[in-house]
Amino acid sequence: MWKNKNIILIFIGEFIAGIGLWLGIIGNLEFMQKHIPSDFVKSLILFSGLLAGVIVSPIAGRWIDTYNKKHILLYAGIGRVGSVLFMLFALKYESIFLMICFMISIQIAAAFYFPTLQAIIPLAVTDEKQLMTVNGMHMNISALSRIAGTAFGGALLMITSLQTLYIGAMVAYILLFFLTFFIDIKEERRETKHNKKEKQRFTDIFPIIRQLPIVYIAVVLTIVPQLFIGGFNLMVINISELQHDPSIKGWLYTIEGIGFLFGAFFIKYAAHEKAYIKWMYALTCFIAFAQLSLHFAHIKWVSLASFGLFGISVGCFFPMIATIFQTNVPKLYHGRFFSFKNMFDRVTFQIVLLASGFLLDTIGLENMVVLFGSLSLLLMTYTMFRKKEELKSEGA
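Residues numbered from 1 in each chain as written. Predicted model: local features only at pLDDT ≥ 70, side-chain atom pairs only at ≥ 80, totals over all residues. Heavy atoms only, no water.

Caption draft 1: Quick peek at the environment of Thr327. If you trace the backbone, Thr327 turns up in helix 14 (residues 300–328). Each C-alpha atom, one on Thr327 and one on Val215, is 9.9 Å from the other, the two residues being 112 residues apart in sequence. Here the side chain of Thr327 touches Asn328 through a polar contact of 3.3 Å, side chain to side chain. (Helix = DSSP H or I, 4+ residues; strand = E, 2+ residues; numbered from the N terminus. Polar contact = N/O pair within 3.5 Å; in protein donor to acceptor, adjacent residues only side chain to side chain.)

Caption draft 2: View of the side chain of Asn6. Position of Asn6 among the secondary structure elements: in helix 1 (residues 5–35). In this structure Asn6 comes out as buried when scored by relative accessible area, which is 11%. Setting aside residues up to four positions removed in sequence, Asn6 forms contacts with Ala124, Phe182, Ile183, Asp184 and Ile185. (Buried < 20%, exposed > 50% of the residue type's maximum accessible area, 1.4 Å probe, protein only. Contact = heavy atoms within 4.5 Å.)

Caption draft 3: Main features of the packing of helix 1 against helix 5 (residues 131–159). Look at helix 1 against helix 5: their axes get within 7 Å of each other, and the N-to-C directions meet at 35 degrees. Along this stretch, helix 1 crosses helix 5, giving a crossing that reads as right-handed. Looking at side-chain class alone, the contact of helix 1 with helix 5 contains 15 nonpolar, eight polar and three charged residues. (Axes fitted to C-alpha atoms, helices over the stretch in contact; angles between N-to-C directions. Left-handed = near helix turned anticlockwise from the far one by under 90°. Nonpolar A, V, L, I, M, F, W, Y, C, P; charged D, E, K, R; others polar.)

Caption draft 4: Structural view of the pattern of salt bridges. Applying the stated criterion across every chain yields a total of four salt bridges. One salt bridge connects Arg336 with Asp65, and the closest N-O pair in it is separated by 2.6 Å. Of this pair, Arg336 sits in helix 15 (residues 334–362) while Asp65 sits in helix 2 (residues 39–66); the two residues are 271 residues apart in sequence, bridging distant segments of the chain. Note on accessibility: Arg336 and Asp65 belong to one class, buried. (Salt bridge = Lys/Arg side-chain N within 4 Å of Asp/Glu carboxyl O.)

Caption draft 5: Here's a closer look at the packing of helix 11 (residues 232–243) against helix 14. Running from N to C, helix 11 and helix 14 cross one another at 165 degrees; their axes reach a closest spacing of 11 Å. In this view, helix 11 runs roughly antiparallel relative to helix 14, as classed from their interaxial angle. In the crossing of helix 11 with helix 14, the sense of the turn from one axis to the other is left-handed. When helix 11 is examined against helix 14, the residues Phe232, Val236, Ile239 and Gln243 are found in contact with a partner set consisting of Lys300, Ser303, Phe307 and Phe310. The residue makeup of the contact of helix 11 with helix 14, split by class, is five nonpolar, two polar and one charged. (Parallel < 35°, antiparallel > 145°, perpendicular 65-115°, else oblique.)

Caption draft 6: Expanded view of the packing of aromatic side chains. Tallying each qualifying case throughout the model produces 18 aromatic pairs. Geometrically, the ring pair formed by Tyr113 and Phe114 is edge-to-face, given 5.2 Å between the ring centres and 85 degrees between the ring planes. Taking the relative accessible area as the measure of exposure, Tyr113 reaches 3% and is therefore buried. Phe114 gets classed as partly exposed once you look at its relative accessible area, which sits at 30%. Plain terms: the ring middles of Phe337 and Phe338 are 5.4 Å apart, the flat faces sit at 75 degrees to each other, and that makes the pair edge-to-face. For the pair Phe337 and Phe338, a shared accessibility class is recorded, and that class is buried. Members of the aromatic cluster, connected to one another through ring pairs, are Phe206, Phe325, Phe337, Phe338, Phe340 and Phe344. (Phe/Tyr/Trp six-rings, centres within 6.5 Å; stacked < 30°, edge-to-face > 60°.)

This is the structure:
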């Protein structure tokens, strides 16, 4: 794997892109804190960018399956660099409108970049058996870039201006753009113009998902970790208030991050293709248990153990899910599938975020986690029942 130039370039690029992303996120939060007093308006601005990403996802999927994937990565890189210019002007003129332009443009670029990257990884791997290892390493590098980006961004804010933060993000995106030039992926020959039009409909991916039970189960079960991730920051704040301990926030993030790194390392040795469905159900149970156990979040060791268990479980879950998608969905549909998955995750995240805020205000953390944990178990039961029904119909 380490002799594969393309994989190394993808890993380095992902780390650099992650630092740029988190520098931008920290900068956005600081800018909004200074200029936007209303939390509701802040959420609307954040939502505008995510909504733009969802809207362009079907177009992104068709383009990824139609055109050269390396070229799409390069154009997405140009879009990222250009989007930071909006923010630099927003700082100069203290313009909320320009910040919204930045949020929309950076999310549109991301809607093209991330599904393309997921579609390129199987093409870059010489041996399909290495996919689990590569996906695990990819997740670990994303986690490390988040740690490095937040630490670097926080340090920069203390010693320099907000403008420097965005310049740092722009430098990261420029480096990523030049790294992309050296990726050399051999793609299948493109279809004729007539067939190309026929195969590039975004809706074609839905029959494919329904025809592949393991893919359908995996898509549904990804909702379970989203029920935790969507309200992650809000839960951390509430746990800190319950325990009257501001320092617990840092410990919760740290424990979850370490657990994620361990899980992504562990799963590549533990799981085999024939046991993927069993592992999915087991990990879903662990995530549901982590949610339910937060009913006792006022006890410090319980909250730390819950976040640690969640970190390990999703560290195992996400690389395995990525491998399932890459190996089971036909490569001709990878662009559209990963764009759909990107869109699905964004919409789910927003719904869970809004629901978490509402439920925390109305029924409190202890009852909310029981509700989400129960919903997780119901989703798992639904997929198991559906799988049995499909096996019966095949037997008939």
